[in-house]
Amino acid sequence: MISIYHQAEELTRQVIESFYHQDSNNLIQKLHPDVTWIGAADGQCIKGYEQVCEYIKNFDVPRCDILKKEFQVVANSDEIFIVAGCMKVAASQGRGEILGAVQRITLIWKTEGQKFKLLHFHVSNPIESQKNNERFSHSMGTETYEYVKKLLSQNRSRLIAYGKHDRTYVIRLGCQKTH
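Quick caveat: nothing in here was measured; it's all calculated off a predicted structure.

J.: Looking at this model, I keep getting lost on the nonpolar core. Mind explaining?
T.: Across soluble globular proteins, nonpolar side chains show a tendency to be buried alongside one another. Core analysis: the biggest nonpolar cluster contains 35 residues, and Tyr20, Leu27, Leu31, Trp37 and Trp109 have the highest contact counts within it. If you list the elements that add at least two residues to this core, you get α1 (4–20), α2 (24–29), β1 (31–38), α3 (49–57), β3 (64–76), β4 (80–91), β5 (99–112) and β6 (115–124). With residues up to four places along the chain from it excluded, the contact list for Leu31 reads Tyr49, Val52, Cys53, Ile56, Lys117 and Leu118.

Laid out in structure tokens, this is it:
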């Protein structure tokens, strides 16, 4: 039997993954009527079920892979579970952006009978990753994309990239002549 702590951590993983895979329904189904959403940019302090639902449905987030995640219950009472964590997300979906960003999260779950309801959702990004009141770090993704295009145009024989599980990859470009 799964412990109630692990259940809160697992629900956190599920709603985060579904949100970043552009399936907001899983998240919306778990919202408490008095939910509060606090995001990283200006204006991202939203209260109430209807307002948070509307915000989530209109959130312009590209599909992201979650490369690294750590979630754990950091405090609880009889009805409240606070799950905090850190994750690295990466996005690249033909929108002219490549993005790898660290995000910190805090979710507060309230139990109602046997069900968990999301009472509070807070996500923050490193301060330098968002510009001009962006809801998501699109400018950083666009800048990274342009930088990679520039590197590819410099007639390089290889690129070094960092990927999942802190692995380093060497990407060989084009054909190399052998004599």
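Following the structure, the description resumes.
J.: In this structure, what is going on with the packing of aromatic side chains? I would like to understand it.
T.: Aromatic ring pairs are reported here in terms of the distance separating the ring centres and the angle at which the planes meet. Counted according to the given criterion, the structure contains seven aromatic pairs. An angle of 5 degrees between the planes, with centres 4.4 Å apart, marks the rings of Trp37 and Phe121 as stacked. Here Trp37 is found in strand β1, whereas its partner Phe121 is found in strand β6, with 84 residues between them in sequence. The exposure class assigned to Trp37 is buried, which follows from its relative accessible area of 3%. A residue is classified by how much of its surface remains accessible, and Phe121, at 4% relative accessible area, is buried. Measuring from ring centre to ring centre gives 6.2 Å for Trp109 and Phe116, while their planes differ by 85 degrees; the resulting arrangement is edge-to-face. Across the pair, exposure class does not vary: Trp109 and Phe116 are buried alike. Grouping aromatic residues by their ring pairs yields a cluster made of Phe19, Tyr20, Trp37, Tyr55 and Phe121.

J.: For this particular structure, what's the right way to read α1?
T.: Note on helix geometry: an α-helix contains 3.6 residues per turn, so any two residues three or four positions apart are oriented the same way. With 17 residues, α1 should reach 24 Å at 1.5 Å per residue; the first-to-last C-alpha distance of 24 Å fits that figure. All buried positions along α1 are accounted for by Ala8, Leu11, Thr12, Val15, Ile16, Glu17, Ser18, Phe19 and Tyr20. Positive phi appears at Gln22, one or two residues downstream of α1, with a value of about 60 degrees.

J.: For this particular structure, what's the right way to read the pattern of salt bridges?
T.: Going through the model one piece at a time under the given rule, you end up with three salt bridges. In this structure, the salt-bridge partner of Glu10 is Arg13, at a minimum N-O distance of 2.3 Å. Of this pair, Glu10 and Arg13 both sit in helix α1, three residues apart, which is roughly one turn of that helix. You can call Arg13 partly exposed: its relative accessible area is 26%.

Procedures and definitions
Residues numbered from 1 in each chain as written. Predicted model: local features only at pLDDT ≥ 70, side-chain atom pairs only at ≥ 80, totals over all residues. Heavy atoms only, no water. Core = buried A, V, L, I, M, F, W, Y, C linked by side-chain atoms within 4.5 Å. Buried < 20%, exposed > 50% of the residue type's maximum accessible area, 1.4 Å probe, protein only. Helix = DSSP H or I, 4+ residues; strand = E, 2+ residues; numbered from the N terminus. Contact = heavy atoms within 4.5 Å. Phe/Tyr/Trp six-rings, centres within 6.5 Å; stacked < 30°, edge-to-face > 60°. Expected span 1.5 Å × (residues − 1). Salt bridge = Lys/Arg side-chain N within 4 Å of Asp/Glu carboxyl O.

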